[in-house]
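# An overview of the molecular structure
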Amino acid sequence: SPELIKNCQQIQFQSETESIYPDSLRKEPEKHCLSTLESCAHTLMLLEPSSERATESKMFLEGSMKCMVDKRMSVSESRNREPRFAKDKQKIFKKNKRRHEIKQ
């Protein structure tokens with residue numbers, strides 16, 4: 001909810017590593033931006049640097065992330081890149097022209 005987000009404290013940290021996400025899947029424009037999962041793994045190590053449990057959790061979270069990325073990459077590679085439906089460019093032009101006329 002907006003009220004909950006308003007009450008949360010924003011934190012930022014610098015990571016020495018880049019995101020696990022490859023550029024082809026990334027939505028963030030900058031390489032230093034991490035996913036929520038990667039941020040959680042990194043934060044665990046900042047909060048409990050000497051904890052074996054935190055280290056194991058970080059490895060598990062990053063392993064899960066890598067598995068998800070591998071799956072998305074394989075699905076992306078197997079997809080047909082051709083559009084499912086051909087769009088009639090003349091129809092689109094007429095439709096957009098009509099919208100423009102209506103706005104005026």
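Please refer to the structure higher up on the page.
Procedures and definitions
- Residues numbered from 1 in each chain as written.
- Predicted model: local features only at pLDDT ≥ 70, side-chain atom pairs only at ≥ 80, totals over all residues.
- Heavy atoms only, no water.
- Helix = DSSP H or I, 4+ residues; strand = E, 2+ residues; numbered from the N terminus.
- Buried < 20%, exposed > 50% of the residue type's maximum accessible area, 1.4 Å probe, protein only.
- Contact = heavy atoms within 4.5 Å.
- Areas by Shrake-Rupley, 256 points an atom, 1.4 Å probe, with all protein chains shown as cover.
- Salt bridge = Lys/Arg side-chain N within 4 Å of Asp/Glu carboxyl O.

### Topic: the overall build of the protein
- Each helix and strand in the protein was counted, giving 4 helices and 0 strands.
- Listing every helix and strand of the protein by position from the N terminus yields α-α-α-α.
- The buried share of the protein, taken over its 104 residues, is 12%.
- In the protein, the share of contacts with a sequence separation of at least 24, taken over all contacts with a separation of at least 6, comes to 48%.
- Surface exposure of the protein reaches about 9700 Å², of which carbon and sulfur atoms provide 53%.

### A closer look at the pattern of salt bridges
- Taken as a whole and assessed by the stated rule, the structure comprises 2 salt bridges.
- As a salt-bridge pair, Lys58 and Glu62 come within 3.0 Å of each other at their nearest N and O atoms. Within this pair, Lys58 and its partner Glu62 are both found in helix H3 (residues 52–78), separated by 4 residues, close to a single helical turn.
- Looking at Lys58, the relative accessible area reads 23%, which means it is partly exposed.

Just distances and angles here, no functional claims.
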